[in-house]
Amino acid sequence: MALNGEYEPSKSDWVRENVELFESTNGAEGNQLNGDPIVVITGIGAKSGKIRKNPVMRVERDGTYVVVASKGGAPENPEWYHNYVAHPEVELQDGPVKKDYRARIVDGEERAPWWDLAVKTWPTYGEYQKKTDRQIPVFLLEPISD
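Bear in mind the structure is a predicted one, so any value in this text is a computation, not a measurement. Position numbers for residues start from 1 in each chain and track the written sequence from start to end. Restriction of local features to residues with pLDDT of at least 70 applies here, the model being predicted, together with a cutoff of 80 or more for giving and counting side-chain atom pairs; totals for whole chains, interfaces and linings are based on all residues. Note that water and hydrogens are dropped before the side-chain values are worked out from all heavy atoms of the structure.

### Things to note about unusual backbone geometry
Located in the positive-phi region is Asn34, a residue other than glycine, with phi close to 55 degrees. Only runs of H or I of at least four residues qualify as helices and only runs of E of at least two qualify as strands under DSSP, and these elements are numbered from the N terminus. With respect to the helices and strands, Asn34 occurs in the loop between β1 (32–33) and β2 (36–44). Only protein chains enter the calculation, and the probe is 1.4 Å; a residue is then buried if its accessible area is under 20% of its type maximum, exposed if over 50%, and partly exposed in between. Given a relative accessible area of 76%, Asn34 falls into the exposed group. We note that Lys71 has phi near 50 degrees; this positive angle belongs to a residue other than glycine. The residue Lys71 is located in the loop between β5 (64–68) and α2 (79–86) in this model. Assessed through its relative accessible area of 39%, Lys71 is described here as partly exposed.

So this is what it looks like as structure tokens:
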């Protein structure tokens, strides 16, 4: 699956610069945030229909990635949350490896072990949850078979 469309870089300087460095070095640089590993997800904008790219913390188990819509504990979801809901087919790059995935939100009993894995991998997620009244959404990115 190839995502088609015009790429619109993030308005956020650090996101745009991080993605540019990550992609220009095939994941060899720009692959960490404060010493912790990240991946880059490419999706389609919910409103614009344009290609959007986001660096997120690397949380993975058995080929499935966990993507946490924390926005630093803000009261609202990050913009990319809506993109993955509207267009769940995404591309994830982990280092030099790019693969296609389908994103879906997990809730209830299914959410608990994935949230626990995310917090164990990057404890700051637990701090973000304490800062907001909303339950921070958790997406699973499951590989799309060829």
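### Some details on helix α1 (residues 13–24)
Taking 1.5 Å of rise per residue, the twelve residues of α1 would be expected to cover 16 Å, and the 16 Å separating its terminal C-alpha atoms lies within 8% of that figure. The first or second residue beyond α1 is Asn26, which carries a positive phi of 55 degrees. What a helix is expected to span follows from its residue count: subtract one and scale by 1.5 Å.

### Digging into the pairing of strand β8 (residues 138–143)
Note on pairing: DSSP must find at least two bridges between two strands before they are called paired. In the sheet, β5 pairs with β8 via four bridges, with the strands oriented antiparallel. For Val67, the partnering residue across the bridge sits in β8 and is Phe139.

### Examining the pattern of salt bridges
Here a salt bridge means any side-chain nitrogen of Lys or Arg lying within 4 Å of a carboxyl oxygen belonging to Asp or Glu. Applying the stated criterion across every chain yields a total of eleven salt bridges. Close ionic contact of Asp94 with Arg58 constitutes a salt bridge, the shortest N to O distance being 2.7 Å. With Asp94 in strand β6 (residues 89–94) and Arg58 in the loop between β3 (51–57) and β4 (60–61), the pair connects residues that are 36 residues apart, well separated along the chain. Of the charged contacts, one joins Lys130 and Glu127 as a salt bridge, the two residues approaching to 3.4 Å between their closest N and O atoms. Placement of both Lys130 and Glu127 in helix α4 (residues 124–130) is noted, with a separation of three residues, approximately one turn of the helix. Since its relative accessible area comes to 67%, Lys130 is described here as exposed. Judged by its relative accessible area of 45%, Glu127 is partly exposed. Here the salt bridges share partners, and the residues they tie into one network are Glu8, Lys50 and Arg52.

### Remarks on the environment of Ala46
Topologically, Ala46 is positioned in the loop between β2 and β3. Looking at Ala46, the relative accessible area reads 33%, which means it is partly exposed. Measuring from C-alpha to C-alpha, the distance between Ala46 and Ala2 comes to 17 Å, with 44 residues separating the pair along the chain. Beyond its immediate sequence surroundings of up to four residues, Ala46 is in contact with His82, Asn83, Ala86 and His87. Any pair of residues with heavy atoms lying within 4.5 Å of one another is described as a contacting pair.

### Looking at the nonpolar core
Residues belong to one nonpolar core when they are buried, are Ala, Val, Leu, Ile, Met, Phe, Trp, Tyr or Cys, and are joined through side-chain atoms within 4.5 Å. Of all hydrophobic cores here, the largest spans 20 residues; its most connected members are Val66, Val68 and Tyr125. If you list the elements that add at least two residues to this core, you get α1, β2, β5, α3 (108–121), α4 and β8. When sequence neighbours within four positions are dropped, the list of residues in contact with Val66 reads Met57, Val59, Trp114, Leu117, Ala118, Val138, Phe139 and Leu140. Listed in part, the 15 residues of the second largest apolar core include Ile41, Tyr65, Val90 and Leu92.

### Re the packing of aromatic side chains
The relation between two aromatic rings is expressed through the spacing of the ring centres and the mutual angle of the planes. Paired rings are identified among Phe, Tyr and Trp, the last through its six-membered ring, by centres lying within 6.5 Å, and are further divided according to the angle between planes into stacked (under 30 degrees), edge-to-face (over 60) and tilted (the rest). For the coordinates displayed, the defined rule picks out nine aromatic pairs. Aromatic side chains Tyr65 and Tyr101 sit 5.5 Å apart centroid to centroid with 85 degrees between the ring planes, which places their arrangement in the edge-to-face category. Highlighted residues: Tyr65 in strand β5 and Tyr101 in strand β7 (residues 97–106), separated in sequence by 36 residues. As far as burial versus exposure is concerned, Tyr65 and Tyr101 are alike and both buried. Each ring, one from Tyr81 and one from Phe139, has its centre 5.6 Å from the other, and the planes form 65 degrees; the classification is edge-to-face.

The values are spatial; any link to function lies outside them.
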